[in-house]
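Here is how the chains run, residue by residue.
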Amino acid sequence: VSASSETIDYIRAVPLVAITAAGFGPGNSAETTSGARKRLESLRSSSTGVVTALDTAGLFGRQLLGLIAALGGTMTAEQLTHETANANKADLQGAIHRLCAAGLLEYDEHERSTLHMNGMLMQWWHGRAPSMEDEHALTSGQLGSICRKLQLKPPSRKKERIDVISDLFSDTDLGATVFLELSSHAKALLTSIADEAGAGTISAEVVGITHFWLMSSAGSPYPMPQHNRGPEAAALDELVEYGIVGVDAYEGELWVWREAWPMLARPYFPEWPAVTQPRLVAQSETDLRLPPLMGLVERALQHWGANPPAGLKNGEQRLAKTEVRRTAKLLGTSEEVVELISRVLLGVGLLLRNVISTSGRGRTRDVKTAWMIDPDLMEAWTSSPIQRRWLRVVDEWTRPGDETMSDQLLANRHLLMWELLSLEPDVGFADGEQVERWIEDRYEPVGAANAVRSCLADLVALGLITGDGEPIALTALGRLALTDSDQVVSATFGSADEAVVQADHTIVAPPDLNPDVAARLVRIADIESDGGAQVYRLSESLVTTAVQNGDNPDEICRFLEQLSPVPIPDTVRRLVEDAAKRVGKVKVMAATTVVVTTDPADLITACAVKVAKLEAVAPTVAITNVAAAKVRAALERRGLAPDVIVGTDDAPEVRRSSDEAAALEARAKVARDAAERSDHAGFQQHARRLTEEASLASDPSARMKVTGPLTLTPDLARVMARTTGDPR
Amino acid sequence: MISPDKPLIVQSDMTVLLETGAASAPAARAELARFAELEKAPEHFHTYRITPLSLWNAAVAGVTVDQVLAALTSLAKYDVADVVVNEVRDQMSRYGRLRLVRDVDTAGLALLSEPALLEEVSRAKGVAALLGERLDGNRFAVRLGDRGALKQSLLALGWPVADEAGYEQGVELGEVELTADLRSYQADSLGAWWLDGSSAGGNGVLTLPCGAGKTVIGLAAIVTARSRTLVVCTSVSAVRQWIREILDKTTLTEDEVGEWTGHRKQLRPITVVTYNVLTWADSSFDRDADLTDRFPNLALFDDEQWGLIIYDEVHLLPAPVFRATARIQAVRRLGLTATLIREDGKEGDVFSLIGPKRYDAPWTELEALGWIAPAICTEIRVALTDEHRMSYALTELRKRHRVAATAVEKLPVLDRILELHRDDQVLVIGQFIGQLQDVAKRIDAPLLTGRTAQSTRDQTFAKFRAGEIPVLVVSKIANFSIDLPDANVAIQLSGQFGSRQEEAQRLGRLLRPKADGASAHFYTIVTGDSEESRFARNRQRFLAEQGYSYEIIDAESPT
């Protein structure tokens, strides 16, 4: 066994500390490498660092630490050999190496190759079997009784009594003699307790001792009348009287006294967990290709732009489940993907909370809000190349979000990305479930397997890792983004700009379709199949929505003509024309909502929609008190596809990020004035931060950029290690 | 690695796109036919799907995993994803691990496999009830009548059974020969179904376009099996047409061919029956009664020693016949259809009970070879007058389709088409009887509906075939199995909502190749901006997926 104290090994062993130090952890914003270096130093030597290292020690590592704790904090090479005879040697070596690298163990080759447990950890370690020497473990009188039971003359001092008991149990022959004296029930019970408890304590229920028997046992300080006691209770009394087993009647726990363990002549842990390293398989190189998620993002924006989703009354920065479900159905994708998209878009700020109505006063005050597109940021979004938009989505996913995002969630994401980045580019994990079990064991904070599963699902949706039953590994795009995000914007993506348009409304495009063309396509077509060539199906409802959002049917047809190397079929052209024709036949106006149609028959159809509660006031005009958005949605459901014209006077003002910027700038100015009047560093820092925020808010295009690395990468870790040096 | 000249694109969702313009497309099509199902065949890229069922059927036919993977990798433009390779390996390795054999000890059937797998499947819901006594670690007894249901349940679990129990031969026919020549694709499809008479063959579905001669393949199957045969078809007209064809194209005599319909009950070595007669329900029994008590005519399946059952238009198979078919898995079965689309989505049941799809030919491919007539499809949109538009708007939603479909604005367009095709044999097809009665009166043409007496129908069809009647107005009775070789124009006035299958079957009435090689014309008159135009788009989908393209034109304003 050789222990490494290199910082890089420390980062490998406890990546969560490094992830936090690099600014991706809970409550941080990305920092410079020098800032990260300082934080790493500080975290590593702190109690947080030790706890984090323990959390990431894995089941095997924790059992090894438990063993050393049971042995009093140190373990010699001989003890190691004896105690870990049944453990897999490679797992053992890996665990020792990792625990040493993490600073939880220290290896001393001069002192009989002894492993020492981290002092801070030793102090905190709970759950190890008590020693007779522990404070309040046994009274001097109880020790005297044990001595007499063992046919030892009790010395006068308590410490000496413990020593003679300990010496007797450590002597192989004497220990065996005591064991032989035990009744068969006591031997069986002792074996059960030793098997289950090992170096720790167990609940008495585990070995069939009821709480009542425990309370009435010889070791209990609360003696109770003894009725109907079974043989197990008598056996327990026997073991307690011999000083082999200890009892905590209050906690309901049992253990084998540390001093008595040598009598059993067996290791503390007969079994060691197998470390399940997920199987690695060869992974073929993937093309540089943006995920279908980007199409869905555009479609979601299109949908939410036309139908602003309601804000939650509790103010949380997320959409209501019903809205997510509805949008998922509309986009033909899962609710999880829509949830991901909505959180990211809300995080980027593309959807801003707008107050759409207020009513009542005081406790009856009711404020209705809706998430509406920020026109400023939307302009910056649409003018950014699609690669940058994708990067921004990934960036948002890797950063701390609003207060509803748990620190743990963010840590999970970065831990998974770290593990995936640590793989060679040509291999991947063969099986997702193995990865889940492995991560669950290796990083306790990640917790349940479903936490890993949902992170992996997000990574697949974002296009960072491969999905669809392929080995789990970073895609070429994912590796590029996480190691050098600047390269993504300048990288050459698909260059193909042709796709075959067929009469059955499908469009077959090669895998390397230009992403901008693909983004245009998904505005009017559903993706039918994506694993290889890209197959789209033109959708009448999507074309309608696209036209409602300003697309021109002739332009759509021209786009398809340019796209297709063969003439586009008549059925396709008609589909576009028919879908476009529906737009604007009915107009909805705000105020007390007014519906105007070009065709009186359409007005009759509209009036038949009960939800809209329309009342015809002329052959082509109807009015209602129902909100315009609701009327519009109801009419759309009936297939009328109305235009909405927002009234100029009464319509609510749509929030824009530029307005926010002005407010922020005003706050920053106040802070700067205060800073000028004070020498306090806090004022200066606050003013600087507000000024930066205001500046960022006033430049929407800057908010589309990714300004730092997306996660802790091995390269970044190496830089941190070099600059940090070895604190020891 | 990219090979642009190769014809296949293998998608990770197990679909395979075949580029029809590639030089090696025909070879690729032949390869794909062995282990994938043709899903659609539009003009440039045909879509095949590799399903567990198609892979298991390939395994039955002796195709190996390596052959499947070699075909995919050697013909694919792009690298084949690992997920596809793994799925092919996994699914094909499942076939043959469960075997159904004749058991000499019990004189019944036995399900054989390794103990662990038997344990697994026997605990599955739906399977346990179909298994009898456990004979030993590797065998379960199976009742003869549960053969189909057990196979269906195991298939649903993802464990296909190698059915090695063989067939009952049925009563043998005397010398019988086919007097007509088989076309190459007909011979191929027959071979794919028969599989040299092995127990792996002898069941399944053949999918060929209307007019491609499916009946002839059925006759060839009778001749090949040479055993008593029950033919089930859709209507009395179709029964008689089958009988005519049998007498015309085989050496079988009238004494050997019987009609089992509401009109006649002749039980003969070759008996042709309708689905309606088979599923006539005795109302004195409730729904939970035994199948043959409630549907007494289904006893026809069991009472005679049939060696072959042919299901014409198998996509119409009604539920009781499904259940009866599950019990007669020891009889060879052949399903024939042009459009294996069931709006109830029960295509899977057809495959598991009748057998897998054994052959499928793209319509346009047969058209190119001249085996079916080329067809020109045109949709003509008419606009409602303002008055009718208002009336349409006032109609409640569920009745709007009818109002749009029966719009009188369609009639001038009909007149113009008839004028254009005054020298042709024209079918005017519709859904609504009132509309058809008005049209028949207007154009002075005979009308055939479900209410028309069978004898009148037969006579009228005969006159139409003979060219004595140039225009025939028909309801949905002409959707299936009616052979009208000289019809070359069809005008569809109305249809059953968005039924893709009906659209394809109606076009199918025109696809018998014409003597002069001329094209058939299929017109659909649709009311624009209405429920009907929405349904029309769905109806056209199947034909578009078969490579037909519609020209859509607007009729001049009716005013």
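Given the structure is predicted, the values throughout are model-derived calculations rather than measurements.

What counts as what
- Residues numbered from 1 in each chain as written.
- Chains lettered and ligands numbered in written order.
- Predicted model: local features only at pLDDT ≥ 70, side-chain atom pairs only at ≥ 80, totals over all residues.
- Heavy atoms only, no water.
- Helix = DSSP H or I, 4+ residues; strand = E, 2+ residues; numbered from the N terminus.
- Rg over C-alpha atoms; globule rule 2.2 N^0.38 Å.
- Buried < 20%, exposed > 50% of the residue type's maximum accessible area, 1.4 Å probe, protein only.
- Contact = heavy atoms within 4.5 Å.
- Areas by Shrake-Rupley, 256 points an atom, 1.4 Å probe, with all protein chains shown as cover.
- 1 Å grid on protein atoms, 1.4 Å probe; cavity = no way out; pocket = protein on both sides within 12 Å on 5 of 7 lines; lining within 4 Å.
- Points joined across faces, edges and corners; volume = space filled by probe spheres on them.
- Buried area = accessible area lost by both parts, 1.4 Å probe.
- Salt bridge = Lys/Arg side-chain N within 4 Å of Asp/Glu carboxyl O.
- Polar contact = N/O pair within 3.5 Å; in protein donor to acceptor, adjacent residues only side chain to side chain.
- Nonpolar A, V, L, I, M, F, W, Y, C, P; charged D, E, K, R; others polar.
- Expected span 1.5 Å × (residues − 1).
- Arc of directions from axis to C-beta.
- pLDDT = per-residue confidence, 0-100.
- Pairing = 2+ DSSP bridges.
- Axes fitted to C-alpha atoms, helices over the stretch in contact; angles between N-to-C directions.
- Phe/Tyr/Trp six-rings, centres within 6.5 Å; stacked < 30°, edge-to-face > 60°.
- Lys NZ or Arg CZ within 6 Å of the ring centre and 35° of its normal.
- Patch = residues over 30% accessible without salt bridge, like charges linked within 9 Å, V, L, I, M, F, W, Y side chains within 5 Å.
- Lys, Arg positive; Asp, Glu negative; His and termini not counted.
- Charge placed at Lys NZ, Arg CZ, Asp CG, Glu CD.

**Observations concerning the overall build of chain A**
Helix and strand counts for chain A come out as 33 helices and 19 strands. Here the C-alpha atoms of chain A give a radius of gyration of 35 Å, more than 25% beyond the 27 Å that 2.2 N^0.38 yields for 728 residues. Based on the C-alpha atoms only, the size of chain A along its principal axes is roughly 110 × 70 × 60 Å. Per-residue burial for chain A yields a buried fraction of 51% across its 728 residues. The long-range share in chain A, meaning contacts at least 24 apart out of those at least 6 apart in sequence, stands at 64%. Split by element, the accessible area of chain A, about 33,200 Å² in all, is 51% carbon and sulfur.

**A look at empty space enclosed by the protein**
Residue and element names in this part refer to chain A. All told, the structure shown has four cavities of 30 Å³ or more when counted by the stated rule. Counted as a void, the largest cavity has a volume near 220 Å³. If you trace the largest cavity, you find 21 residues lining it, with L290, P291, P515, A518 and Q534 closest to the centre. Elements with a minimum of two residues in the lining of the largest cavity: helix 15 (293-306), helix 25 (515-521) and strand 14 (534-538).

**Focus: the interface of chain B and chain A**
On the side of chain A, 41 residues touch chain B, which itself brings 36 residues to the contact. Both sides of the chain B and chain A interface together cover about 2,800 Å² of buried area, and 51% of this is carbon and sulfur. Taken as a group, Q11, R537 and I552 of chain B account for 18% of the area that chain B buries against chain A, more than any other trio of residues on that side. If you look at where chain B meets chain A, you find ten salt bridges. Here R574 of chain A makes a salt bridge to D554 of chain B, at a shortest N to O gap of 2.9 Å. Taken together, the links from chain B to chain A amount to 14 residue pairs in polar contact (both at pLDDT 80 or more). When contributions to the side of chain B that touches chain A are tallied by element, the ones reaching two or more residues are strand 1 (8-10), strand 2 (15-19), helix 4 (82-94), helix 16 (386-394), helix 22 (531-545) and strand 23 (550-554) of chain B. Considering only residue class, the side of chain B that touches chain A consists of 17 nonpolar, six polar and 13 charged.

**As for helix 10 (residues 158-170) of chain A**
All names here are of chain A. Between its first and last C-alpha atoms helix 10 spans 18 Å; for 13 residues at 1.5 Å apiece the expected length is 18 Å, and the two agree. Every buried residue belonging to helix 10 is among R161, I162, I165, S166, L168 and F169, and all of these are buried. Summarising the axial view, the buried residues of helix 10 lie within an arc of 160 degrees, below the 170-degree limit, and thus occupy one face. Looking at the buried positions of helix 10, the neighbouring elements they touch are helix 9 (140-149) and helix 11 (172-181).

**Regarding the confidence of the model for chain A**
Residues and elements named next belong to chain A. Here chain A averages 83 in pLDDT, while 91% of its residues score no lower than 70. Ignoring residues within four places in sequence, the model shows residues 1-5, a span with pLDDT below 50, making twelve contacts including any to other chains. A low-confidence stretch, residues 647-651 stays under pLDDT 50, and its non-local contacts, those more than four residues away or across chains, total three contacts.

**With respect to the side chain of R506 of chain B**
When you line up the elements, R506 of chain B lands in helix 21 (residues 500-508). Looking at R506 of chain B, its side chain comes within polar contact range of the main-chain oxygen of S494 of chain B, at 2.8 Å.

**With respect to the sheet that holds strand 17 (residues 375-382) of chain B**
Residues and elements named next belong to chain B. Ordered in space as 19-20-18-21-22-17-23, the seven strands form an open sheet in which the pairing is parallel. In this open sheet, the two strands that pair with only one neighbour each are strand 19 (447-448) and strand 23. Bridging between strand 18 (residues 426-429) and strand 20 (residues 471-474) involves four bridges; their strand directions are parallel. Its bridge partner being in strand 20, L427 is matched across the sheet by L472. Sheet contacts for helix 21: strand 17, strand 18, strand 21 (489-492), strand 22 (520-527) and strand 23; angle to strand 22, the most-contacted strand, approximately 145 degrees.

**Considerations on the packing of aromatic side chains**
For the coordinates displayed, the defined rule picks out eight aromatic pairs over all chains. Residues F429 of chain A and W438 of chain A carry aromatic rings whose centres are separated by 5.5 Å and whose planes lie at 55 degrees to one another, so their mutual orientation is tilted. Here F429 of chain A and W438 of chain A have matching classes, each one buried. Judged by centre distance (5.7 Å) and plane angle (40 degrees), the rings of W193 of chain B and W194 of chain B are tilted. Taking the relative accessible area as the measure of exposure, W193 of chain B reaches 0% and is therefore buried. By the ring-pair criterion, three or more aromatic residues cluster together here, those being F60, F269 and W272 of chain A. If you follow R94 of chain B out to its NZ or CZ, it ends over the ring of W159 of chain B, 4.2 Å from the centre. Lying over the aromatic face of F535 of chain B, R534 of chain B brings its terminal NZ or CZ to 5.1 Å of the ring centre.

**Focus on the pairing of strand 15 (residues 332-337) of chain B**
Residues and elements named next belong to chain B. The buried fraction of strand 15 is high, at six of six residues. Side-chain alternation along strand 15 places R332, L334 and L336 on one buried face and R333, G335 and T337 on a second face that is also buried. For strand 14 (residues 308-311) and strand 15, the ladder comprises four bridges, and the chain directions are parallel. Paired with I309 across the bridge in strand 15 is R333.

**Looking at a negative patch on the surface**
Negative charge collects at one region of the surface, where E285, D287 and D512 of chain A together with D79 of chain B lie side by side. Considering the arrangement of structural elements, one finds D287 of chain A in the loop between strand 7 (280-282) and helix 15. According to the relative accessible area criterion, D287 of chain A is exposed, its value standing at 53%.

**Some thoughts on the pairing of strand 8 (residues 139-142) of chain B**
All names here are of chain B. Here strand 8 shows no split at all, with R139 and A141 on one side and F140 and V142 on the other all buried. Where strand 6 (residues 109-112) meets strand 8, four bridges bridge the pair, whose relative direction is antiparallel. Of the residues in strand 8, the one forming a bridge with L109 is V142. Pairing analysis gives two bridges linking strand 7 (residues 134-136) to strand 8, with the strands arranged antiparallel. Each bridged residue has a counterpart across the sheet, and for D136 the counterpart in strand 8 is R139. As consecutive antiparallel partners, strand 7 and strand 8 are separated by two residues.

**Some details on unusual backbone geometry**
Residue and element names in this part refer to chain B. Phi is positive for L195, which is not a glycine, with a value near 45 degrees. Among the structural elements, L195 can be located in the loop between helix 7 (184-194) and strand 10 (205-207). Looking at L195, the relative accessible area reads 22%, which means it is partly exposed. Of note, the phi angle at D529 is positive, near 50 degrees, even though the residue is not glycine.

**With respect to the pattern of salt bridges**
Per the counting criterion, the structure on display carries 70 salt bridges over all chains. K669 of chain A serves as the salt-bridge partner of D673 of chain A, at 3.7 Å between the closest nitrogen and oxygen. Taken together, the residues span about one helical turn, with D673 of chain A and K669 of chain A both in helix 31 (residues 657-677) at a distance of four residues. With relative accessibility at 29%, the residue D673 of chain A sits in the partly exposed group. Here E39 of chain B ties to R49 of chain B by a salt bridge, and the two come within 2.6 Å at their closest N and O atoms. Taken together, the positions of E39 of chain B in strand 3 (residues 37-40) and R49 of chain B in strand 4 (residues 45-49) put the pair ten residues apart, joining distant regions of the chain.

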